[in-house]
Amino acid sequence: MIPVIVYIPDGRPRPGELHEAALDVLELRPAEVVLPEATVRDERGGRLFDGSTLMFDPAAGGGPLADAAAERQARAFGVTNAAFHVQRALRFASALLGHPLPHLLVRIGMHNQPRRWHGGHYRLPRASLTDEPAALSCAGEIHLGGGAGFVPAPDGSRYFHAPAHNAAIICHEVGHHLCRHTADFRLNRLRPPAQQTNLKVALDEGTADVFTAILLGTPDIYGWHRAAIAEWDQRRRKLQPRWTMAHFLGGRDQDPHADGTVWASACWSARERVIDTGADAARFDAALLRGMESADAGAHAAQLTKDALTKDALNERRQFSRLLSAITRADPGLAPVVLTAMAEHGIRPGASNTALKDAARADLTGEVGR
Ligand SMILES: [Zn+2]
């Protein structure tokens, strides 16, 4: 265990409060930290670490306006902060699942040309014309940009938006790794290792968001860098106010993040209801993760061949109701509470996303008409 300085988000519009924490490190390289469950590397070269200390100054994110020493501190802090949140998220998931997820590779400072990037994404290997590097890890990789733009603070200061400093972005991408190796919404395990699909459905985005909310303990997961977006705007991706199937759009051209907010918001409500009954929140978290795992087990038993990769099978896996049923089966004792909360978001078992959307909109029209 090596002591590190990291951000712990505190629900305020800032990256978090600085805390000393402990990181379980196998090996320390010049710009890379190897953990038992993940490898976290800054791809921009140079030596960030010497000796065994991992206590760095976030230096307000560093960036193009910072001097070289501050930029080095900010990058070193980014690697350790990302490593801490990745390790925490993966250990949380493996404790609930009862087994570890495949080793994750996290690469920082990616896709910074031709324009700087302040986002992150989760990638599996796929030969394509995009700017992704060749030979991605078959287990999956998280790519974080080197940062772009500044986030203003209420006190007038500003922070260079480096995604490795942003726990919400890190946790969300780990959520995609969890989805890939449990529910596998796109049936990637039936595709050739070098021909995976990176398209995400709403359930994938929504589950990654509620996983982030659980880890950070707040429904306002992007409250720091999206503070300027109104809370009632779906782009804020705050899980309260309540998003329902009436807000769901669906279809190929829609943003799966916005549609995913409906699922994430419903899961968050269900979790709150479980807590209201006096039960431990971890009981909902376990039902969610075990439900995700069992949602894939069915396909395993049925047929693990390429022939099972059909349009129907993919369509089935994008249905909210299917994952809801899997969650209730994972913990039947919680089912009544979870079903009631989900119903308030227009999600119930045994109906397609389109049917749920139509029903929720008809309800709205009825209310307005009355
Ligand atoms: Zn995502």
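These remarks concern the structure in this document.

## Overview of the overall build of the chain
Working step 1: Looking only at helices and strands, the chain has 9 helices and 10 strands in total.
Working step 2: A compact globule built from 370 residues should have a C-alpha radius of gyration of about 21 Å, and the chain, at 21 Å, falls within 12% of that.
Working step 3: The C-alpha extent of the chain, read off along each of the three principal axes, is 60 × 50 × 40 Å.
Working step 4: Per-residue burial over the chain gives 54% buried out of 370 residues.
Working step 5: For the chain, contacts bridging at least 24 residues in sequence account for 65% of all contacts bridging at least 6.
Working step 6: Only carbon and sulfur atoms are counted for the fraction: they give 53% of the accessible area of the chain, which is about 16200 Å².
Working step 7: Here the chain contributes 42 positively and 42 negatively charged side chains, and the mean placements of these two sets differ by 4 Å.

## Side note on the state of the cysteines
In protein chemistry, a disulfide is the covalent bond that joins the sulfur atoms of two cysteines.
Working step 1: Applying the stated criterion to the full structure yields 0 disulfides.
Working step 2: The closest cysteine sulfur to the non-disulfide-bonded Cys171 is located on Cys179, 13 Å from its own sulfur.
Working step 3: Exposure remark for Cys171: the relative accessible area of 1% places this residue in the buried category.

## What about the environment of Gly366?
Working step 1: Note on placement: Gly366 falls in helix α9 (residues 353-369).
Working step 2: Exposure remark for Gly366: the relative accessible area of 29% places this residue in the partly exposed category.
Working step 3: Each C-alpha atom of the pair Gly366 and Gly291 lies 34 Å from the other, and the pair is 75 residues apart in sequence.

Calculation rules
- Residues numbered from 1 in each chain as written.
- Predicted model: local features only at pLDDT ≥ 70, side-chain atom pairs only at ≥ 80, totals over all residues.
- Heavy atoms only, no water.
- Helix = DSSP H or I, 4+ residues; strand = E, 2+ residues; numbered from the N terminus.
- Rg over C-alpha atoms; globule rule 2.2 N^0.38 Å.
- Buried < 20%, exposed > 50% of the residue type's maximum accessible area, 1.4 Å probe, protein only.
- Contact = heavy atoms within 4.5 Å.
- Areas by Shrake-Rupley, 256 points an atom, 1.4 Å probe, with all protein chains shown as cover.
- Lys, Arg positive; Asp, Glu negative; His and termini not counted.
- Charge placed at Lys NZ, Arg CZ, Asp CG, Glu CD.
- Disulfide = S-S within 2.5 Å.

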